[in-house]
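These are the residues of each chain, in order.
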Amino acid sequence: MILIASDAFKGTIGSLEVAQSLRGPCEEAGFPVTALPLADGGEGTVDALVTCGYEAHEVEVTGPLGQQVTARWASLHETAVIEMAQASGLHLVDPSPQTAWDAHTYGTGELIAHAIENGCTRIVVGVGGSATSDGGRGALRAVKEAGVDTSGVAFTVACDVDNPLTGPRGAAEVFGPQKGADPATVARLEERLARWADQLDPTGRVRDMPGAGAAGGLGFALMAGLGADRVSGAEFVLSAVGFDEQVARASVVVTGEGQFDEQTLGGKGPGTVIARAGAAGVPVIVVCGQAKLRAGDVDAGRGEQAGVAGAEVAEVFALTDFAPVQQCIAEPGRVLQEVGYALATTVRDRGFCDGTSQ
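As the structure is a computational prediction, the values presented were derived from the model and not from experiment.

Draft legend 1. Looking closely at the packing of helix α1 (residues 15–28) against helix α15 (residues 332–349). Orientation of α1 relative to α15, taken along the N-to-C sense of each, is 40 degrees, at an axis distance of 8 Å. One finds that α1 runs oblique with respect to α15. When you trace α1 past α15, the crossing you get is right-handed. Between α1 and α15, the residues in contact are V18, S21, L22, P25, C26 and E28 and G333, L336, Q337, V339, G340, Y341, L343 and A344, respectively. When its residues are assigned to classes, the contact of α1 with α15 shows nine nonpolar, four polar and one charged.

See the structure below:
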């Protein structure tokens with residue numbers, strides 16, 4: 001069985017569409033295919049969980065610049081999973097220095113309050129893809145103004161960045177420019193975050209913790225203000241969708257994302273897939289938009305610190321090997337189908353799957 005567990009190609013095609021594009025050529029070649037959605041706590045996390053038994057909810061909340069937006073969250077029993085990008089994501093703004101300064105997380109707090117009002121006692125907040133650098137101040141304000149009781153609620157931050165709140169590796173310096181901040185705005189954001197840290201975390205216990213700088217400091221607010229713990233977003237989603245059970249039945253795993261590079265191996269979803277498949281002794285094929293690494297680079301030890309060195313990455317297929325960049329962006333599904341035929345040929349020629357594995 002071929003197990004497809006690919007992340008989205010950010011801004012181009014979603015994870016489920018990636019799997020659908022690759023599935024046809026593989027099944028046409030006679031190989032059984034199972035597809036699992038992949039996300040790392042950022043965009044696509046709710047969609048991934050909804051396909052695996054979570055219930056979807058929709059609610060109108062406040063967007064990052066005060067506009068009303070429709071956001072989805074997911075629940076299973078008393079656990080709620082909130083994707084902060086649904087309410088406070090970068091895709092909801094036209095990035096500029098002004099939006100980098102103004103964008104807030106109030107709508108994310110409204111989602112948290114809505115989940116508590118619906119009886120959820122564990123709140124997992126996937127942080128990634130944010131437009132914000134408010135240190136999570138808006139989210140805490142929204143929870144407080146909603147008047148919900150958080151005393152019996154366990155909070156978890158699901159993310160795969162380990163940046164602190166402030167400093168050279170902090171939220172403003174590292175992520176501010178991605179959100180439209182120019183150097184002057186980055187400096188102002190850094191100062192504002194430092195003041196907020198002094199107010200919410202006077203002992204300095206939380207501000208330097210890994211993940212405090214996630215989503216413009218939302219990780220900090222949830223940990224310092226609501227006592228949240230932190231887990232790997234990719235690990236959380238893979239466990240929720242039953243990856244380990246499926247990889248035990250697989251002959252080969254296919255994973256990927258928009259760009260396959262050293263950051264992939266640093267705890268992102270596809271890197272986690274490679275590590276878990278390697279631990280299970282299952283070879284991996286990577287499909288990506290562009291490749292900065294090839295198969296031998298992983299085995300050569302670049303992934304040692306991420307725990308993926310020695311995993312068998314049998315092949316790396318980049319869309320740009322099959323078509324010009326502009327076509328890959330405009331027609332990713334069509335190019336992925338071409339990749340799918342090459343993938344099926346490799347699976348057959350390498351003897352990974354005989355077409356009868358269940």
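Draft legend 2. Seen up close, α15. Over its 18 residues, α15 runs 25 Å from end to end, which matches the ideal 26 Å to within 8%, given 1.5 Å per residue. Listed in full, the buried residues belonging to α15 are P332, V335, L336, V339, G340, L343, A344, T346 and V347. Residues of α15 that are buried in the fold lie against β1 (2–4), α1, β9 (252–255), β11 (284–288), β13 (313–318) and α14 (325–330).

Draft legend 3. Here's a closer look at the sheet that holds strand β6 (residues 122–126). With mixed pairing, six strands are arranged side by side in an open sheet as β3-β4-β5-β6-β7-β8. In the strand order of this sheet, the two ends are held by β3 (55–62) and β8 (229–231), each with one partner. Taken over all neighbouring pairs, the strand axes of this sheet differ in orientation by 30 degrees on average, direction set aside. Bridge count between β6 and strand β7 (residues 154–158): five bridges; the pairing is parallel. Opposite G126, over in β7, you have A158 as the bridge partner. Along the sheet face, helix α9 (residues 218–226) touches β6, β7 and β8 and points at about 160 degrees away from the line of β7.

Draft legend 4. Molecular detail of the packing of aromatic side chains. Tallied over the full model, the rule gives one aromatic pair. Taking the ring centre of W101 as reference, the NZ or CZ of R188 above it sits at 3.8 Å. Positioned over the ring face of W101 is R192, at 4.0 Å from the centre of the ring.

Draft legend 5. Molecular detail of the sheet that holds strand β2 (residues 33–35). Across the sheet, which stays open at both edges, the five strands sit in the order β2-β1-β9-β11-β13 with parallel pairing between neighbours. The open sheet is flanked by β2 and β13, the only strands paired with a single partner. Each strand of the sheet is rotated relative to its neighbour by a mean of 20 degrees, with strand direction disregarded. Summarising the sheet, β11 and β13 pair through five bridges and their orientation is parallel. Looking across to β13, one finds that V286 is bridged to V316. Across the sheet, helix α12 (residues 269–279) is in contact with β9, β11 and β13; its angle to β9 comes to roughly 170 degrees.

Draft legend 6. Structural detail: the pairing of strand β5 (residues 79–83). Taken across its five residues, β5 has five buried, putting it largely inside the fold. With burial as the criterion, each face of β5 is covered, one bearing T79, V81 and E83 and the other bearing A80 and I82. By the bridge criterion, four bridges tie strand β4 (residues 68–76) to β5 in an arrangement that is antiparallel. Considered in β5, the bridge of S75 is made with A80. Here β4 folds back onto β5, and the loop between the two strands holds two residues, one of which, H77, carries a positive phi near 60 degrees. When β5 meets β6, the two strands line up parallel, connected through five bridges. Paired with T79 across the two strands is R122, which belongs to β6.

Draft legend 7. Highlighting the state of the cysteines. For the coordinates displayed, the defined rule picks out zero disulfides. Residue C328 stays outside any disulfide, its sulfur separated by 10 Å from that of C288, the closest cysteine. Look at C328 and you get buried, because its relative accessible area is 6%. Summary of cysteine pairing: C353 is not part of a disulfide, and the nearest cysteine sulfur, belonging to C26, is at 9.0 Å.

Rules used in this analysis
Residues numbered from 1 in each chain as written. Predicted model: local features only at pLDDT ≥ 70, side-chain atom pairs only at ≥ 80, totals over all residues. Heavy atoms only, no water. Axes fitted to C-alpha atoms, helices over the stretch in contact; angles between N-to-C directions. Helix = DSSP H or I, 4+ residues; strand = E, 2+ residues; numbered from the N terminus. Parallel < 35°, antiparallel > 145°, perpendicular 65-115°, else oblique. Left-handed = near helix turned anticlockwise from the far one by under 90°. Contact = heavy atoms within 4.5 Å. Nonpolar A, V, L, I, M, F, W, Y, C, P; charged D, E, K, R; others polar. Expected span 1.5 Å × (residues − 1). Buried < 20%, exposed > 50% of the residue type's maximum accessible area, 1.4 Å probe, protein only. Pairing = 2+ DSSP bridges. Phe/Tyr/Trp six-rings, centres within 6.5 Å; stacked < 30°, edge-to-face > 60°. Lys NZ or Arg CZ within 6 Å of the ring centre and 35° of its normal. Disulfide = S-S within 2.5 Å.

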